[in-house]
Amino acid sequence: MKKPEFFYSKILLFGEYTVMQQSTVLSIPFTHYQGSLRFLNSEDYTDYAFAHESNRSLLGFYNYLEQSNHEITKLFDIERFKHDIDHGIYFESSIPQGYGIGSSGALVAAFYTAYAYNPLRRNARMKQNQLLELKQVFSILESYFHGKSSGIDPLNAYFSHPISIDKGEIKLTRLPRPTDFGQGAIFLLDTGKIGKTGPLVNLYLEKCKDNSYLEEIENKLIPLNNSCIQNLVEGNLKSFYATLKKFSKKQLELFKEMIPTDFQSVWQEGLENDQFVLKLLGSGGGGFLLGFTADYENTAKLLAAKGMNIIPVYVQSENLKTIENEK
């Protein structure tokens, strides 16, 4: 293979679950974690048990593709993929699995890049029909790992650029600069648990069979979701924080089963003291929660005092330096 190409994790800022009802979606790359396809050899400094397990996982992925009757399998050189698996290829990744930040999405993007006969070139001028075609291919590929996939995670990993999807239209977008957040920040809160996407998606689909629940999703949660995205992308941060608090409260009400029990009180505390706001990241059930705050320094201290591990995602470097100096 050529020199390994890295694919980053992602953070779905807004759109988890509601994407199934065609809500607006906003996803960004998160370069803190990354992965690449590599061959295991004696000169690698790696976790050999992880590498062998990854190699076995890739074999399962190959079997899925080889046995599939779907037309997209013809787009890939799966025999070369099998040859590489037999010779020790694996996905070297720092992206934690089951944490809602796109470990399988990065793998799918890496597979597409390495084995598609004619991969679509990544550029900002890619036509809408090409973007939709790519999303569909990614959706089918990633369904092996989750049972059902929107294709958004691999799309984000492939482009390494913020992506929004509105009424089916895919756009490469941008966020306000970290300096625009002032003392605020976006951060991850580690629940210390691994989440399972498939069962929670099935639970959500089952709950949506209740008309009153579905009406809450469609008439209340989705408008708040879409408003959060619009305000954030347009830089209306005051309106963004106000709407975000309503959105978080509604998620706590509708997605109780997706929020680890011992973090529900922390979620509620943030709403009550106006210190921070939490929301789901991905399907929930564990992994990371996504946090927003207008005062990162004090929020970091408050959560650290509770023994909780937070990771900054979007914050001014000067704010980080201040916190590090005080440790």
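This text gives an overview of the structure that appears in the document. (Residues numbered from 1 in each chain as written. Predicted model: local features only at pLDDT ≥ 70, side-chain atom pairs only at ≥ 80, totals over all residues. Heavy atoms only, no water.)

Looking at the sheet that holds strand S9 (residues 310-315)
So, step 1. Strand order in the open sheet formed by 4 strands is S7-S8-S6-S9, and the pairing between neighbours is antiparallel. Edge positions in the sheet fall to strand S7 (277-280) and S9, since each of these pairs with one other strand and no more. With strand direction ignored, the average angle separating the axes of adjacent strands in the sheet is 25°.
So, step 2. Inspection of the sheet shows strand S6 (residues 185-190) paired to strand S8 (residues 288-293) by 6 bridges, in the antiparallel sense. In the strand pairing of S8, Ala185 is matched with Thr293.
So, step 3. The strands touched by helix H8 (residues 237-254) are S6, S7 and S8; relative to S7, the strand with the most contacts, the crossing angle is about 55°.
So, step 4. Running at roughly 140° to S7, helix H9 (residues 261-273) makes contact with S6, S7 and S8 of the sheet. (Pairing = 2+ DSSP bridges. Helix = DSSP H or I, 4+ residues; strand = E, 2+ residues; numbered from the N terminus. Axes fitted to C-alpha atoms, helices over the stretch in contact; angles between N-to-C directions. Contact = heavy atoms within 4.5 Å.)

Comments concerning the nonpolar core
So, step 1. Leu13, Phe14, Leu141 and Phe255 are the most contacted members of the largest nonpolar core, which totals 101 residues.
So, step 2. Excluding its chain neighbours within four sequence positions, the residues that come into contact with Leu13 are Leu26, Ser27, Ile28, Leu175, Ile186, Leu232, Lys279 and Leu290. (Core = buried A, V, L, I, M, F, W, Y, C linked by side-chain atoms within 4.5 Å. Buried < 20%, exposed > 50% of the residue type's maximum accessible area, 1.4 Å probe, protein only.)

Brief notes about the packing of helix H3 (residues 103-115) against helix H5 (residues 152-159)
So, step 1. Relative orientation of the contacting elements H3 and H5 amounts to 60°, with a least axis distance of 7 Å. Classed by the angle they form, the pair H3 and H5 counts as oblique. With respect to the hand of their crossing, H3 and H5 are arranged in right-handed fashion. Residues Gly105, Ala106, Val108, Ala109, Tyr112 and Thr113 of H3 lie in contact with H5, whose contacting residues are Asp153, Pro154, Ala157 and Tyr158.
So, step 2. Of the residues belonging to the contact of H3 with H5, the class tally is 7 nonpolar, 2 polar and 1 charged. (Parallel < 35°, antiparallel > 145°, perpendicular 65-115°, else oblique. Left-handed = near helix turned anticlockwise from the far one by under 90°. Nonpolar A, V, L, I, M, F, W, Y, C, P; charged D, E, K, R; others polar.)

None of the figures reported here should be taken as evidence of function without further support.
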